[in-house]
Amino acid sequence: GEGRLGVAAFFRFYAQVAKRLEAEDAATAMACAAPCDGGVAGLEARERALVVLVGRDGVGAWEAKAEELGEGLTGEEVAAMWKRIVPQVQRATKADEEMGCGHSCSTCPTRHDCQVHDAIKDIEDL
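Residues numbered from 1 in each chain as written. Predicted model: local features only at pLDDT ≥ 70, side-chain atom pairs only at ≥ 80, totals over all residues. Heavy atoms only, no water.

### Overview of unusual backbone geometry
Keep in mind that most residues, glycine aside, have a negative phi and that most peptide bonds are trans. Its identity as a non-glycine residue notwithstanding, A61 has a phi of 50°, on the positive side. Mapped onto the secondary structure, A61 falls in the loop between α2 (45-57) and α3 (62-69). The phi dihedral of D96 is positive, around 50°, even though this residue is not glycine. Residue position: D96 is located in the loop between α4 (75-95) and α5 (116-124). Given the relative accessible area of 29%, D96 is considered partly exposed. (Helix = DSSP H or I, 4+ residues; strand = E, 2+ residues; numbered from the N terminus. Buried < 20%, exposed > 50% of the residue type's maximum accessible area, 1.4 Å probe, protein only.)

### Thoughts on the packing of aromatic side chains
Taken as a whole and judged by the stated rule, the model has 0 aromatic pairs. Just above the ring of W62 sits the side chain of K65; from NZ or CZ to the centre is 5.3 Å. (Phe/Tyr/Trp six-rings, centres within 6.5 Å; stacked < 30°, edge-to-face > 60°. Lys NZ or Arg CZ within 6 Å of the ring centre and 35° of its normal.)

### Observations regarding the packing of α2 against α4
Two elements in contact, α2 and α4, have axes whose closest approach is 10 Å; the angle formed by their N-to-C orientations is 90°. One finds that α2 runs roughly perpendicular with respect to α4. Facing R46, E47, L50, V51 and V54 of α2, the residues of α4 in contact are V78, M81, W82, R84, I85 and V89. (Axes fitted to C-alpha atoms, helices over the stretch in contact; angles between N-to-C directions. Parallel < 35°, antiparallel > 145°, perpendicular 65-115°, else oblique. Contact = heavy atoms within 4.5 Å.)

Structural data, given as structure tokens:
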């Protein structure tokens, strides 16, 4: 009858809506995310994922990070990627701008758990 949607049409429609919502969620997350959550402008998705891993686990254990990223990278390649993106991450953290949550890096209540700042400091000390 009228107003009925076939199963195949329903799933096509559902997939279109899900894809649109996923894109909107990703854009919103990027706009509000802290640097340690991968909210660093100009980074590729895998680079943002690496920032999240460094924020959680600190520097080192590059082979484990390579495996978690799941892109066929070696630990050496992941370490090189980190060294390459540090300047961008450093600019984002030093800007200390207010994030979507209302905090900045310096006022973040979870800063004591974030290892991004220590990881950047380790690079500065080289």
